[in-house]
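What follows is the residue order along each chain.
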Amino acid sequence: MISNISKINGSQINYYFICKTKLWLFSHNIQMEQESDIVSLGKQLHENSYKREKDYLIDNLINVDFIKKRKDIEIHEVKKTPKMEKSHEYQLLYYMYYLKNEKDIENIVGYIDYPKIRKKIKIELTHEKKEEIGEIVGKIAKIINSDIPKPKKLRICKKCAYYELCWV
Ligand code: SF4
């Protein structure tokens, strides 16, 4: 099934909430995240905490940390810190939205796992959230197809892989 969501990936949803400049740079294939300490720390934490679980890369767009089949299909996203909870929540909501719309999978619930603080948050794709995700996807497409958004100084800039591009 081809739709307007078929090219949006989980990182883009995440960056939409973190920084629109970052979203634009990443979406234009200026991808420097592998150099970021934060990402490698996150990966390390993920590997250490969930050694027996598997990643699922779906359509080269969404990367689910692990999936469990219980009464519902549970998709899990492992995060290092709860500091950016809104971006985490919407990234997972988008995964559920994508799987429902593109793969016709029903009965999905999402969990964000914070192994460092031993916390797990359940996320549900309600009708309102579905509508909201649809709007966000449209807004992301608009940002990507416009000029680069002017960078704004944020708390996370110093740890961002794009710091030099924005501020040096
Ligand atoms: S350095 Fe700051 S403004 Fe630039 S992309 Fe990163 S978070 Fe955004």
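In this report, we go over the structure that sits alongside the text. On a predicted model such as this, the values are computed, not experimentally measured, just so you know.

1. Details of the site of the ligand
- Taken together, Cys19, Lys22, Pro151, Lys152, Ile156, Cys157, Cys160, Tyr162, Tyr163, Cys166 and Trp167 make up the full set of residues adjacent to the ligand.
- Counting residues per element, the shell around the ligand draws most heavily on helix α6 (residues 163-167), which supplies three residues.
- Residue composition of the shell around the ligand, grouped by class: nine nonpolar, no polar and two charged.

2. A short note on the packing of aromatic side chains
- Inspection of the entire model under this criterion finds five aromatic pairs.
- When the centroid spacing of 6.4 Å and the interplanar angle of 25° are considered together, the rings of Tyr94 and Tyr97 count as stacked. Residue Tyr94 and its partner Tyr97 are both found in helix α4 (residues 85-103); the two are separated by three residues, about one turn of the helix. Residue Tyr94 shares its accessibility class with Tyr97, and that shared class is buried.
- Joined through ring pairs, the aromatic side chains of Tyr16, Phe17 and Tyr90 make up one cluster.
- Lying across the ring of Tyr16, Lys20 places its NZ or CZ 4.2 Å from the centre.
- Between Lys120 and the ring centre of Tyr111, over which it is positioned, the NZ or CZ distance is 4.8 Å.

Here is what the cut-offs are and how they apply
- For every chain, the first residue of the written sequence is number 1, and numbering continues from 1 along that sequence.
- Per-residue local features of the predicted model are confined to residues with pLDDT of at least 70, and side-chain atom pairs are confined, for both listing and counting, to 80 or more; whole-chain, interface and lining totals are unaffected and use all residues.
- Only hydrogens and water are set aside; all other atoms, that is, all heavy atoms of the structure, feed into the side-chain values.
- If a single non-hydrogen atom of a residue is within 4 Å of a molecule or strand, that residue counts as near it.
- Put simply, DSSP H or I for four residues or longer makes a helix, DSSP E for two residues or longer makes a strand, and each gets a number counted from the N terminus.
- Ten residues, namely Ala, Val, Leu, Ile, Met, Phe, Trp, Tyr, Cys and Pro, are considered nonpolar, four, namely Asp, Glu, Lys and Arg, are considered charged, and the remaining ones, Gly among them, are considered polar.
- Pairs were defined over the aromatic rings of Phe, Tyr and Trp, the Trp ring being its six-membered one, requiring ring centres within 6.5 Å. Orientation was assigned from the angle between planes: stacked under 30 degrees, edge-to-face over 60, tilted for the rest.
- A 1.4 Å probe rolled over the protein chains alone gives each residue an accessible area, and that area as a share of the maximum for its type sets the label: buried under 20%, exposed over 50%, partly exposed in between.
- Consider the ring centre and the ring normal. A charge sits over the ring if Lys NZ or Arg CZ is within 6 Å of that centre and within 35 degrees of that normal.

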